[in-house]
Every structure is written in C-alpha cells, then in structure tokens.
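The residues making up each chain are set out below.
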Amino acid sequence: MTMTSTYTLTLGPLTRQLPIIPISADLAIASFVLLGDAELTDYAASALAHKMPAHFDYLITMESKGIPLAQELSRLTNRAQFVVLRKSQKDYMRDPLSVPVNAITTSAPQHLFLDGLDAQSIAHKRVVIVDDVISSGGSLRAANELVQQAGATVVGQVAILAEGDAAKRTDIEFLAELPLFPL
Ligand SMILES: Nc1ncnc2[nH]cnc12
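About the criteria used
Residue indices begin from 1 for each chain and proceed along its sequence in written order. Since the coordinates come from a predicted model, pLDDT governs what is reported: local features require at least 70, and pairs of side-chain atoms require 80 or more to be given and counted, while whole-chain, interface and lining totals use all residues. To obtain the side-chain values, all non-hydrogen atoms of the structure were included, while hydrogens and water were left out. Buried means the residue's accessible area, taken with a 1.4 Å probe over protein chains only, is under 20% of the maximum for its type, while exposed means over 50%, and partly exposed covers the values in between. Numbered from the N terminus, helices here are DSSP runs of H or I no shorter than four residues, and strands are runs of E no shorter than two. In what follows, a contact means two residues having at least one pair of non-hydrogen atoms within 4.5 Å. UniProt positions are given in the numbering used here, feature names are shortened, and annotations may be inferred rather than shown by experiment. Proximity criterion: a residue is near a molecule or strand once any of its heavy atoms comes within 4 Å of it. Between N or O atoms, a polar contact is any pair within 3.5 Å; within protein, one atom must be a potential hydrogen donor and the other a potential acceptor, and residues adjacent in sequence are included only when both atoms are from side chains. What sets the accessible areas is the Shrake-Rupley method with a 1.4 Å probe; for residues, cover comes only from the shown protein chains. Three classes are used: nonpolar for Ala, Val, Leu, Ile, Met, Phe, Trp, Tyr, Cys and Pro, charged for Asp, Glu, Lys and Arg, and polar for all others, with Gly counted as polar. Centres within 6.5 Å are what make two rings of Phe, Tyr or Trp a pair, Trp counting through its six-membered ring; a difference in plane orientation under 30 degrees is then read as stacked, over 60 as edge-to-face, and the rest as tilted. We call a charge positioned over a ring when the NZ of a Lys or the CZ of an Arg lies within 6 Å of the ring centre and within 35 degrees of the ring normal. Just to be clear on terms, a salt bridge is a Lys or Arg side-chain nitrogen sitting within 4 Å of an Asp or Glu carboxyl oxygen. The term nonpolar core refers to a set of buried residues drawn from Ala, Val, Leu, Ile, Met, Phe, Trp, Tyr and Cys, joined through side-chain atoms within 4.5 Å. Strand pairing is defined by DSSP finding a minimum of two bridges between the two strands. Here an angle of 0 to 180 degrees is reported between the N-to-C directions of two axes, which are lines fitted to C-alpha atoms, with helices fitted over the stretch in contact.

Caption draft 1: A look at helix 2 (residues 67-76). Of all the positions in helix 2, only Leu69, Ala70, Glu72, Leu73 and Ser74 are classed as buried. Buried residues along helix 2 sit against helix 1 (38-49), strand 4 (58-62), strand 5 (82-85), strand 8 (126-134) and strand 9 (153-163). Asparagine 78, located one to two residues past helix 2, shows a positive phi value of around 55°.

Rendered as structure tokens:
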C-alpha cells in the first residue's frame, strides 16, 4: 500500500488530517469531505453563525456537502427552512431553473438546478449562500445566478474553507484557508 501524504487542518479546537489527492496532471488538493464528520459540521456551523449578516430570510446551499452544514446553521439561526440547489433535475421539480457550473473536483461540466417551487419561496427575499469549500468560485457563481433568476438578493456568502486564491476574496466569510498543491 502506498502512503498518502496529508495536510493538517486546524479549525478552532479541532484538527483533521486531510489526504492530499491529485485531481489533474499538475494539481493536488487536500480533500475535505464534510459528509459524516458530525463534530466538525457542528463546530463550523457554530463558528459561522457569528459571521452571518444580521438580516436574512433563507440559507441556500449546493448539494451535497453543504447540506448538513446548512441544516445545523439553520437550526442555530432559527430559520425553519433552507433551500438546496441540486446537481440533477428531479421529476418532482416544477419549472426548475438551471445554470451551467464548473467545479475543480468534477471534470465534466455540471448544471445546478433550483426547483421552481423553491424559487417562488425565495422571490424578493434576502438569502445567504453557504458551502463547505469555496475554490474556483464556480458553484458560488452559479448559485448567485440562480438566486438572481429567482428574484432574490444575496446578502452574504459563507463557507468553512477558502481554497487557493479564494482565500484572497473579500466577498466571502470563511473560517480557514486551504492551500492547493501544485505537482
Ligand atoms: N479541497 C477540497 N476537498 C473537497 N472538495 C473540494 N472542492 C473544492 N476543493 C475541495
């Protein structure tokens, strides 16, 4: 078995060893998989709860790794509902809105979908976009586009980690930086 090198992520009192995984011929990432990490999800949500804008109506997230974070952040901020942007179109959606999106961890171009019923819920509302990692900003851009198409206003953008150049952005709130690993 070959050794996988790791990057040590520190988030408040928590540390995690993230495996460094090549995603192309010239780039590796420290793989941050929030799914299943209940402790880190709860810690991150409580830390992000302090960085939320004072006035917002809905949290909105992208499947799949943002979902448990949005769930806990909704609970902590007393919001009864949040909205999930989906990566596939479901038969139960009514007049979904869709935009193309490019992510660094998925080679084929994807789409992001907003159920028309959810679009109606958020129309004229203030929304905060929440995600686990912001990297190229591709899914954040797509989420902004969908929110705008639905007639809602983005009043905040929060993530646990900002990866690579995203750490220089001033339009997102995040808890820690994550380096990229050129090969
Ligand atoms: N470092 C990372 N780990 C998991 N998913 C990612 N998506 C973008 N960057 C990522």
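Caption draft 2: Representation of the UniProt feature "domain: Phosphoribosyltransferase" (unreviewed entry) in the chain. Those places that UniProt annotates as "domain: Phosphoribosyltransferase" (unreviewed entry) correspond, in this numbering, to residues 41-170. Secondary structure content for residues 41-170 is 29% helix and 35% strand, while the C-alpha to C-alpha distance between its ends is 23 Å.

Caption draft 3: Spotlight on the site of the ligand. The full set of residues close to the ligand is Ile29, Ala30, Ser31, Phe32, Lys65, Ile104, Thr105, Val133, Ser135, Glu163 and Leu178. At 2.8 Å from a nitrogen atom of the ligand is found a main-chain nitrogen or oxygen belonging to alanine 30. The fraction of the free accessible surface of the ligand (260 Å²) that becomes covered by protein chains is 91%. Within the shell around the ligand, the residues separate by chemical class into six nonpolar, three polar and two charged.

Caption draft 4: Up close: the packing of aromatic side chains. All told, the structure shown has one aromatic pair when counted by the stated rule. Centre to centre, the rings of tyrosine 7 and phenylalanine 181 are 6.0 Å apart; their planes meet at 65°, and the pair counts as edge-to-face. Separated by 174 residues along the polypeptide, tyrosine 7 in strand 1 (residues 6-11) and phenylalanine 181 in strand 11 (residues 180-182) bring together distant segments of the chain. Here tyrosine 7 falls in the partly exposed class, since its relative accessible area comes to 22%. We note arginine 79 situated over the ring of phenylalanine 56; from NZ or CZ to the ring centre the distance is 3.8 Å.

Caption draft 5: Up close: the pattern of salt bridges. Evaluation of the coordinates by the stated rule reveals nine salt bridges. Taking the shortest distance from any N to any O, the salt bridge between aspartate 37 and arginine 16 comes out at 2.7 Å. One end of the pair, aspartate 37, is in the loop between strand 3 (27-30) and helix 1; the other, arginine 16, is in strand 2 (residues 14-22), with 21 residues separating them in the sequence. Aspartate 57 is paired through a salt bridge with arginine 126; the nearest N and O atoms lie 3.5 Å apart.

Caption draft 6: Broad picture of the nonpolar core. Ranked by size, the top nonpolar core spans 27 residues in total, and within it Ile60, Leu85, Leu112, Leu114, Ile122 and Val127 carry the most contacts. Elements that contribute at least two residues to this core include exactly strand 4, strand 5, strand 6 (97-103), strand 7 (106-114), helix 3 (116-122), strand 8, helix 4 (138-149) and strand 9.

Caption draft 7: Quick look at the sheet that holds strand 5. With parallel pairing, the five strands of this open sheet are ordered in space as 5-4-8-9-10. In this open sheet, the two edge strands, each paired with only one partner strand, are strand 5 and strand 10 (173-178). Taken over all neighbouring pairs, the strand axes of this sheet differ in orientation by 25° on average, direction set aside. Packing of helix 1 onto the sheet brings it into contact with strand 9 and strand 10, and relative to strand 9 it is tilted by some 135°. Its contacts with the sheet put helix 2 on strand 4, strand 5, strand 8 and strand 9, and the angle it makes with strand 4 is roughly 170°.

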